[in-house]
Amino acid sequence: MLLRHTPKEITERKALVINPAKTCQPIGAMYAALGIHGCLPHSHGAQGCCAYHRSALTRHYKEPISASTSSFTEGASVFGGHSNLLQAINNIFTVYEPEVIAIHTTCLSETIGDDLKQIRTKAQKEGKIPAGKYVFGASTPSYVGSHVTGFSNMVKAMTEFAESTGKKNGKVNIIPGWVEPADMEEIKRMAKLTGVKSILFPDTSGVLNTPLTGEYKMFPDGGTTVAELKSTGDSVGTLALGEWCSADAAIELDKKNKVPCKVLDMPFGLKATDRFVDALRKIAGVTVSDELALERGQLVDMISDMHEYFYHKKVALVGDPDQLIAMTEFLVSIDICPVHIITGTPGKKFEKRIREITRDMPFEVNVKAKGDMFLLHQWIKNDPVDLLMGNTYCKYIARDEDVPLVRWGFPILDRQGHQYFPTVGYKGGLRLLEKILAALLDRKDRDDPEIKFELIL
Ligand code: SF4
């Protein structure tokens, strides 16, 4: 009963967040930066911020997260951190030799008003950036938006590398959004199966799901290379997966390099994956490959096999907007009813989109952007659910309300292996269904009286 003080009665709150359903911008920026090959993320602020961002990512991905910090003390906090950053750039290239430094700001450096571009220009003039190496950055004040905003800002900053040579490269840029390394692999695999040559950025596969070889590599083999990022300006188009995470970067490439873009939902579940595959197919001018058609058929088969257990089950969801939109659509399509949906990330469009997706559901939906998990808990107390889906912080609500929990989203701190199994695409849909059904049937087995405790379900 860890959350026993959560009252059932809901009081309107405007200036108080309890149990936030989000974390800070630089965590997203750091994750995105790790998707560039040979990149060291750099936190322009105090050591504590950097330690927190690194530990949040390490705890989720179970991999060492390398990142550096401008290490602000009282002096930098008052007079600005430009000299700390100049020194840091020099030290990083001298000691760690990354290809790229990706700088994100913090609440402190944003409040002081440090200008990253100006500091970088100074570092260049002073010869602190070696030839063939790169420094870029994004503004990520954590008192605005969430970790999703930070991710999006850093991905948008990556478009700075894009060059237009006037000769198209025949490739398609795919911006995957904040998904697991295995999801990034799966998106590349699906593009390949459709015959589309793609540049995926950022790409944390091969960075945060690396094998144990006995040899430590500060910069693993994976990640989008700078050459690939440069080439994004010559691509024939961009597919941005997720409006919150990926659209800004795609629109920027369109404006800057005239690379036309299409913003799609993240490919979770049958319909969103269909739209992604269709977009790939149209670009390649081909029909859907036999392999993908087979995987789709398997997902449809599993949906029909499991449907009797899903019908009109009530679910509460918490997560990030792009994931929640696609997941809500998937659940509604298999007759599961998401009745309470919370994201900590702001954006009124989110609520509108969820209401559209759930409009034919037999139950009314509670949905809130910029909401918190305290409110989610209150909604569940007032209208109980059969299942809760979300990050590890949901386990307190799940325990208090005795509801099964499917861990999904970020962060997952108390389970392992999620970075190795995709949940996007048709294959990912199979995994999601398996996890959802297992949670529902485990609960049924636990609760059934002996007379109804069956070997075969
Ligand atoms: S001070 Fe700001 S940037 Fe630093 S950890 Fe806290 S919220 Fe994040």
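What counts as what
Residues numbered from 1 in each chain as written. Predicted model: local features only at pLDDT ≥ 70, side-chain atom pairs only at ≥ 80, totals over all residues. Helix = DSSP H or I, 4+ residues; strand = E, 2+ residues; numbered from the N terminus. Rg over C-alpha atoms; globule rule 2.2 N^0.38 Å. Buried ≥ 20, exposed ≤ 12 C-beta atoms within 10 Å, placed from the backbone. Contact = placed C-beta atoms within 7 Å. Domains from an automatic or database assignment. Nonpolar A, V, L, I, M, F, W, Y, C, P; charged D, E, K, R; others polar.

1. Considerations on the overall build of the protein
Here is step 1 of the chain: In terms of regular secondary structure, the protein is built from 17 helices and 13 strands.
Here is step 2 of the chain: Taken against the 2.2 N^0.38 rule, which gives 23 Å for 457 residues, the C-alpha radius of gyration of the protein at 23 Å falls within 12% of a compact globule.
Here is step 3 of the chain: When the backbone C-alpha atoms are referred to their principal axes, the protein occupies close to 80 × 55 × 45 Å.
Here is step 4 of the chain: Burial analysis of the protein (457 residues in total) assigns 52% to the buried set.

2. Some details on the environment of Val179
Here is step 1 of the chain: You can see Val179 is positioned in the loop between β5 (172-175) and α8 (181-193).
Here is step 2 of the chain: With 26 C-beta atoms packed within 10 Å, Val179 lands in the buried category.
Here is step 3 of the chain: Sequence spacing of Val179 and Pro422 is 243 residues, and the spatial spacing of their C-alpha atoms is 8.8 Å.
Here is step 4 of the chain: Apart from the residues lying within four places of it in its own chain, the contact partners of Val179 are Met184, Met266 and Val424.

3. A look at the domain arrangement of the protein
Interface extent is often summarised as the accessible area lost during association of the parts.
Here is step 1 of the chain: Each assigned domain of the protein is listed here: domain 1 (25-161), domain 2 (172-289) and domain 3 (292-451).
Here is step 2 of the chain: When each unit is reduced to the centre of its C-alpha atoms, the spacing between domain 2 and domain 3 is 25 Å.
Here is step 3 of the chain: With 31 residues of domain 2 in contact, the opposing surface of domain 3 contributes 28 residues.
Here is step 4 of the chain: If you list the elements that add at least two residues to the side of domain 2 that touches domain 3, you get α8, α10 (243-257) and α11 (269-284).
Here is step 5 of the chain: If you tally residues by element for the side of domain 2 that touches domain 3, the top one is α8, at eight residues.
Here is step 6 of the chain: A per-class count over the side of domain 2 that touches domain 3 returns 17 nonpolar, seven polar and seven charged.

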